[in-house]
Amino acid sequence: MSIQEFEPYGEPLPGAASDERQPNAASVILSAVGQYTFWLLVVVIVVTRIWYFSPASLFPASPVSALIHNTQR
């Protein structure tokens, strides 16, 4: 005889038999493809931002060093 378990609000929890179901192959494949596609997109975006928006072109060091040199005089 099994003991029925309840959640904190008093509803009975589903039995262990429902937890033993295996996901079908299509679901597993779609999940893997989705995860790989997401991470590939992340890598492409990061590499693109590094390639096209390098900090050297946005913040040139020469005006800053000239400003420091002028303030020290």
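Since the model is a prediction, treat every value here as computed from it, not as a measurement. (Residues numbered from 1 in each chain as written. Predicted model: local features only at pLDDT ≥ 70, side-chain atom pairs only at ≥ 80, totals over all residues. Heavy atoms only, no water.)

Draft legend 1. Structural context of the overall build of the protein chain. A count of helical and extended segments in the protein chain gives three helices and zero strands. Starting at the N terminus and ending at the C terminus, the protein chain contains elements arranged as α-α-α. The buried share among the 73 residues of the protein chain stands at 0%. Accessible area for the protein chain stands at about 7,300 Å²; split by element, carbon and sulfur atoms hold 68% of it. (Helix = DSSP H or I, 4+ residues; strand = E, 2+ residues; numbered from the N terminus. Buried < 20%, exposed > 50% of the residue type's maximum accessible area, 1.4 Å probe, protein only. Areas by Shrake-Rupley, 256 points an atom, 1.4 Å probe, with all protein chains shown as cover.)

Draft legend 2. Molecular detail of the packing of aromatic side chains. Inspection of every chain in the model, using the stated rule, returns one aromatic pair. Measuring from centroid to centroid gives 4.9 Å for Phe-38 and Trp-39, while their planes differ by 75°, and the two rings are edge-to-face. Here Trp-39 falls in the exposed class, since its relative accessible area comes to 55%. (Phe/Tyr/Trp six-rings, centres within 6.5 Å; stacked < 30°, edge-to-face > 60°.)

Draft legend 3. Molecular detail of the confidence of the model for the protein chain. Mean pLDDT over the protein chain: 78, with 62% of residues reaching 70 or higher. At the low end of the mean pLDDT range in the protein chain sits helix H2 (residues 55–58), at 60; at the high end sits helix H1 (residues 25–52), at 93. (pLDDT = per-residue confidence, 0-100.)

Draft legend 4. A look at a nonpolar patch on the surface. A cluster of nonpolar residues, Trp-51, Tyr-52 and Phe-53, forms a patch on the protein surface that exposes about 470 Å² of accessible area. Given a relative accessible area of 67%, Trp-51 falls into the exposed group. (Patch = residues over 30% accessible without salt bridge, like charges linked within 9 Å, V, L, I, M, F, W, Y side chains within 5 Å. Salt bridge = Lys/Arg side-chain N within 4 Å of Asp/Glu carboxyl O.)

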